[in-house]
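Residue-level listing of the chains:
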Amino acid sequence: MSKAIFRNDWADVLEPELHKPYYTELRQFLAQEYRTQTIYPDMYDIYNALHYTSLASTRVVILGQDPYHGPGQAHGLSFSVKPGVAIPPSLHNIYQELHDDLGCPVPSHGSLIHWAEQGVLLLNAVLTVRRGQAASHQNKGWEAFTDRVVEAVNERETPAVFILWGSHAQRKGANINRNRHFVITSPHPSPLSAHRGFFGSRPFSRVNEFLLSQGMEPIDWCVPE
């Protein structure tokens, strides 16, 4: 069963979670929600962050909060939306900072699969949401599951970069071993907070400087059309 859910080395780490009481309760809750409500993302996209980015290939973790709750937006990667969907305000600000930091052209779409395929784990703390109801699936068990994901990257000998935008992500990343890993914190890219220190924080060039210092390949952050 777990091999069908997790298509790579995440199966070894996360399979034990599937047998814990919190996950059993979460599955029962989700079965009811998907049956009776409009839930995002599609149930086959819930674990896309883990499918695109194996544990071994993870070089960067970008922590989000919960999926976008508008039609057609969420597809299992934090901050990312499917091509053809309007770019949300937070992602627009991320693209603006990326342009200011590295000179990358601002793309016309919001799909960040290009990042995920290079080892950028785009992980939300909560992996599902009701349509039009932000945070509606918080405190149902997802937080424990994604804590285990973060913990697994933290436990590795190979260093990674954790990008923690906003207080929610910073709380979730509070136990990261900063002697081994590089942690970048700033306000959230939301229009409500981006001007309080997200703009000008240069996270993308700082990630690449760290990766290069560790003898690792930098990320090609420029999103292709």
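Cut-offs applied
Residues numbered from 1 in each chain as written. Predicted model: local features only at pLDDT ≥ 70, side-chain atom pairs only at ≥ 80, totals over all residues. Heavy atoms only, no water. Core = buried A, V, L, I, M, F, W, Y, C linked by side-chain atoms within 4.5 Å. Buried < 20%, exposed > 50% of the residue type's maximum accessible area, 1.4 Å probe, protein only. Helix = DSSP H or I, 4+ residues; strand = E, 2+ residues; numbered from the N terminus. Contact = heavy atoms within 4.5 Å. Axes fitted to C-alpha atoms, helices over the stretch in contact; angles between N-to-C directions. Parallel < 35°, antiparallel > 145°, perpendicular 65-115°, else oblique. Left-handed = near helix turned anticlockwise from the far one by under 90°. Nonpolar A, V, L, I, M, F, W, Y, C, P; charged D, E, K, R; others polar. Salt bridge = Lys/Arg side-chain N within 4 Å of Asp/Glu carboxyl O. Pairing = 2+ DSSP bridges. Right-handed = clockwise from strand over helix to strand, strands pointing away.

### Focus: the nonpolar core
Logical step 1: Counting 66 residues, the largest nonpolar core has Trp10, Trp115 and Phe145 as the members making the most contacts within it.
Logical step 2: At six residues, the largest contribution of residues to this core is made by helix α7 (residues 142-155).
Logical step 3: In this structure, Trp115 is in contact with Ile62, Ile94, Leu98, Val120, Leu122, Phe204, Asp220, Trp221 and Val223, ignoring residues within four places of it in sequence.

### Focus: the packing of helix α3 (residues 21-36) against α7
Logical step 1: For the pair α3 and α7, the least separation of the axes is 9 Å and the interaxial angle reads 125 degrees. Between α3 and α7, the interaxial angle falls into the category oblique. Read as a crossing pair, α3 and α7 show a hand that is left-handed. Taking contact as the criterion, the partners of Tyr22, Tyr23, Leu26 and Leu30 in α3 are, on α7, Trp142, Ala144 and Phe145.
Logical step 2: Taken together, the residues that form the contact of α3 with α7 break down as seven nonpolar, no polar and no charged.

### Focus: the environment of Leu121
Logical step 1: Within the secondary structure layout, Leu121 lies in strand β3 (residues 120-124).
Logical step 2: Taking the C-alpha atoms as reference, Leu121 lies 22 Å from Pro105; in sequence the two are 16 residues apart.
Logical step 3: When near neighbours in sequence (up to four residues on either side) are disregarded, Leu121 contacts Trp10, Ala49, Leu50, Thr53, Thr58, Val60, Val61, Ile62, Val149 and Val153.

### Some words on the pattern of salt bridges
Logical step 1: Considering all chains together, one arrives at eight salt bridges under this definition.
Logical step 2: The shortest N-O distance in the salt bridge between Glu157 and Arg180 comes to 3.7 Å. Of the two residues, Glu157 is situated in the loop between α7 and β5 (161-165) and Arg180 in the loop between α8 (166-172) and β6 (182-186); the sequence distance between them amounts to 23 residues.
Logical step 3: Accessibility expressed as a relative area gives 64% for Glu157, which makes it exposed.
Logical step 4: Accessibility expressed as a relative area gives 26% for Arg180, which makes it partly exposed.
Logical step 5: We note a salt bridge from Arg202 to Glu209, for which the minimum N-O separation is 4.0 Å.
Logical step 6: Residue classification places Arg202 among the partly exposed positions, given a relative accessible area of 38%.
Logical step 7: Residues joined by salt bridges that share partners form a network here, namely Asp101, Arg202 and Glu209.

### Thoughts on the pairing of β6
Logical step 1: Note: β5 against β6, five bridges, orientation parallel. Its bridge partner being in β6, Leu164 is matched across the sheet by Thr185.
Logical step 2: With α8 bridging β5 and its parallel neighbour β6, the resulting β-α-β unit is right-handed.

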